[in-house]
Amino acid sequence: MSTSVNAGTRLARLPVEPFYRRIILLIGIGTFFDGFDIYIANTVLSLMLKTSFST
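So, here's what we can say about the structure. Everything quoted here is computed from the prediction, not taken from an experiment.

### Regarding the packing of aromatic side chains
Overall, the coordinates contain 3 aromatic pairs when judged by the stated rule. Look at F32 and F33: their rings are 5.2 Å apart centre to centre, the planes differ by 70°, and that puts the pair in the edge-to-face class. Of the two residues, F32 and F33, neither departs from the other in class, the shared state being exposed. Ring geometry for F32 and F36: centres 5.9 Å apart, planes at 15°, overall stacked.

### Some words on a nonpolar patch on the surface
On the surface, a cluster of nonpolar side chains totalling about 810 Å² of accessible area is made up of L25, I29, F32, F33, F36, Y39, I40 and V44. Relative to the assigned elements, V44 resides in helix α2 (residues 18-50). We classify V44 as partly exposed; its relative accessible area is 42%.

Conventions adopted
- Numbering of residues starts from 1 in each chain and follows the order in which that chain's sequence is written.
- Since the coordinates come from a predicted model, pLDDT governs what is reported: local features require at least 70, and pairs of side-chain atoms require 80 or more to be given and counted, while whole-chain, interface and lining totals use all residues.
- In computing side-chain values, all of the structure's heavy atoms are included and hydrogens and water are not.
- Two rings from Phe, Tyr or Trp (for Trp, the six-membered ring) form a pair when their centres are within 6.5 Å of each other. A pair whose planes differ by under 30 degrees is stacked, one over 60 is edge-to-face, and the rest are tilted.
- Between buried and exposed lies partly exposed: a residue is buried under 20% and exposed over 50% of the maximum accessible area for its type, with that area taken using a 1.4 Å probe on protein chains only.
- Patch criteria: residues need more than 30% relative accessible area and no salt bridge. Like-charged residues are merged within 9 Å; nonpolar side chains of Val, Leu, Ile, Met, Phe, Trp and Tyr are merged within 5 Å.
- Only the protein chains shown count as covering a residue, and every accessible area follows the Shrake-Rupley method with a 1.4 Å probe.
- We count a salt bridge whenever a side-chain nitrogen from Lys or Arg sits within 4 Å of a carboxyl oxygen from Asp or Glu.
- Helix and strand labels come from DSSP, where a helix needs a run of H or I of at least four residues and a strand needs a run of E of at least two; each type is numbered from the N terminus.

The following block contains the structure:
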């Protein structure tokens with residue numbers, strides 16, 4: 001006897017609690033700052049190479 005479980009449907013029916021909203025917010029903030037850090041590092045490095053401060 002096998003039972004089929006549709007996890008996506010069950011997850012869609014669950015209420016969104018403040019805990020999950022906080023987790024999603026923290027992941028989003030972390031992703032933003034990770035991308036921002038890479039963007040700033042790329043800009044600073046290109047300026048350092050252009051001014052011959054670093055090789």
